[in-house]
Amino acid sequence: MLDQLRAMGVFACVVEKSSFSGAARALGITTSAVSQQIRSLEHEMEVTLLHRSTRKLSLTEAGQTFFHSCQEMLAAAERGRTRINELRDDLVGELRIATTPELGANHLVPALSHWMAAHRGLSVKIETNNHDVDLIEGRIDIALRMSPQAEDQHIASVPLTPVEQILVAAPSYLNQTVPLTRPEDLQHHELLPTNIIKNDRHFAFQHNSTGEAVEVEMNARLHSNNVSVAKSLCKQGHGIARIFYLDVQKELKNGSLVEVLPEWKLPAFTLCAMISKQEQQPIKIHRCVDALKQYFSQLPGGRIFQDAL
């Protein structure tokens, strides 16, 4: 099929230049190669396309009809190339972004709101879930993940911001339970785990000042796979939740939740934009990642950043 399309392009050029030699010069190939392409077309379609004489070339009736088809094909190819260039170089077409429900609602939409409004030719689809999606299979352009690095060699990881995980509880819960002064005291409390975190009942603490390390396991009776549900349970006084700092800033500010053991820190994560590795990445992906980097660069990821202000 590709050989036939190439030959159709050669034929159209011969007609436009009115000679084999003129087409050869325009196409950068030999005259004999041009002649061979035309003979192959005529043989394959079992018709004569050109009347050949020592003075000039002229189209047969079949050749005239075929020439119009070749022009339509070349015009369609040019339109396709123009469209590809637009998708590559302009902020048009479709952009698919995957993230968690909490990051999507609380940060992705605010981060891209003005950017999306400014580029009306871009169709943005935001898909939310609590598990990692395959970028290639899901046709995802950008995925936001709490991940230190890309595990797939075909995926690039762009760091956006470090994010701490902290323990929170409602003031009403803390006022009615055993006091918390050290990590070991957590063994007497109820955990509200979200199973989107691996080993969600295990905690490895390090003291901010002394560097002392302590590991504990907590009990859990109530479970969820959604951060919003865990926060709701936490606000109702059902226990202590481990949540990313980015997901609980509003509650910490209004006092509905307070941080537990603030002088002890848990391992931090890195929020990353995951994109597939391509030599010719569409400009819309780069511009979107730039907008995300700008937003998260102004957003504190945890206590360690607040202390530095």
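Residues numbered from 1 in each chain as written. Predicted model: local features only at pLDDT ≥ 70, side-chain atom pairs only at ≥ 80, totals over all residues. Heavy atoms only, no water.

A. A look at the environment of Q278. Mapping Q278 onto the fold places it in the loop between strand 15 (269-276) and helix 9 (283-297). For the pair Q278 and H154, spaced 124 residues apart in the sequence, the C-alpha separation amounts to 8.4 Å. (Helix = DSSP H or I, 4+ residues; strand = E, 2+ residues; numbered from the N terminus.)

B. Representation of the sheet that holds strand 3 (residues 93-99). The five strands lie next to each other as 4-3-5-15-6, forming an open sheet whose pairing is mixed. Each edge of the sheet is formed by a strand with only one pairing partner; in this case those strands are strand 4 (122-128) and strand 6 (155-163). This sheet shows a mean twist of 20° between the axes of neighbouring strands, independent of strand direction. Set on the sheet, helix 5 (residues 101-118) makes contact with strand 3, strand 4, strand 5 (142-146) and strand 15; between it and strand 3 the angle comes to about 150°. (Pairing = 2+ DSSP bridges. Axes fitted to C-alpha atoms, helices over the stretch in contact; angles between N-to-C directions. Contact = heavy atoms within 4.5 Å.)

C. Structural detail: helix 7 (residues 227-235). Within helix 7 the residues assigned to the buried category are V227, A230, K231 and C234. The buried side chains of helix 7 occupy one side of the element, clustering within an arc of 100° when seen end-on. Turning to helix 7, the residues buried within the fold contact helix 5, strand 7 (165-169), strand 12 (241-244) and helix 8 (249-254). Of the residues that open helix 7, the one with a side-chain oxygen 2.8 Å from the backbone nitrogen of S228 is N226. Phi turns positive, to about 80°, at G237, one or two residues after helix 7. (Buried < 20%, exposed > 50% of the residue type's maximum accessible area, 1.4 Å probe, protein only. Arc of directions from axis to C-beta. Polar contact = N/O pair within 3.5 Å; in protein donor to acceptor, adjacent residues only side chain to side chain.)

D. Region of the structure containing the nonpolar core. L112, W115, I142, L144, L271, C288 and L292 are the most contacted members of the largest nonpolar core, which has 26 residues in total. Among the elements of the structure, strand 3, helix 5, strand 5, strand 6, strand 15 and helix 9 are those that each provide at least two residues to this core. Among the elements that line this core, the one with the most residues is helix 9, at six residues. Counting residues in hydrophobic clusters, the runner-up holds 20 residues, among them F11, A12, V15 and V34. (Core = buried A, V, L, I, M, F, W, Y, C linked by side-chain atoms within 4.5 Å.)

E. How the structure looks around the pairing of strand 9 (residues 202-207). Only one face of strand 9 is buried, namely the one carrying F203, F205 and H207, since none of H202, A204 and Q206 on the opposite face is buried. Counting the residues in the hairpin turn of strand 9 and strand 10 (residues 213-217) gives five residues, including G211, whose phi is positive at 80°.

F. Geometry of the pattern of salt bridges. Counted according to the given criterion, the structure contains nine salt bridges. Residues K235 and E251 are paired through a salt bridge, measuring 3.7 Å at the closest nitrogen-oxygen approach. Of this pair, K235 sits in helix 7 while E251 sits in helix 8, and the two are 16 residues apart along the sequence. Residue K235 is classed as partly exposed on the basis of its relative accessible area, which comes to 38%. The class of E251 is buried, set by a relative accessible area of 4%. As a salt-bridge pair, D290 and R287 come within 3.8 Å of each other at their nearest N and O atoms. Here D290 and its partner R287 are both found in helix 9, three residues apart, which amounts to about one turn of the helix. (Salt bridge = Lys/Arg side-chain N within 4 Å of Asp/Glu carboxyl O.)

G. Quick look at the packing of aromatic side chains. What the rule picks out here adds up to four aromatic pairs. With a centroid separation of 5.9 Å and 10° between ring planes, the pair formed by F203 and F205 is classed as stacked. When its relative accessible area of 0% is taken as the criterion, F203 is described as buried. Between F244 and F269, the ring centres sit 5.2 Å apart and the planes meet at 80°, which makes this aromatic pair edge-to-face. In this pair, F244 sits in strand 12 while F269 sits in strand 15, placing the two residues 25 residues apart along the sequence. The side chain of R242 reaches across the aromatic face of F203, ending 4.1 Å from its centre. (Phe/Tyr/Trp six-rings, centres within 6.5 Å; stacked < 30°, edge-to-face > 60°. Lys NZ or Arg CZ within 6 Å of the ring centre and 35° of its normal.)

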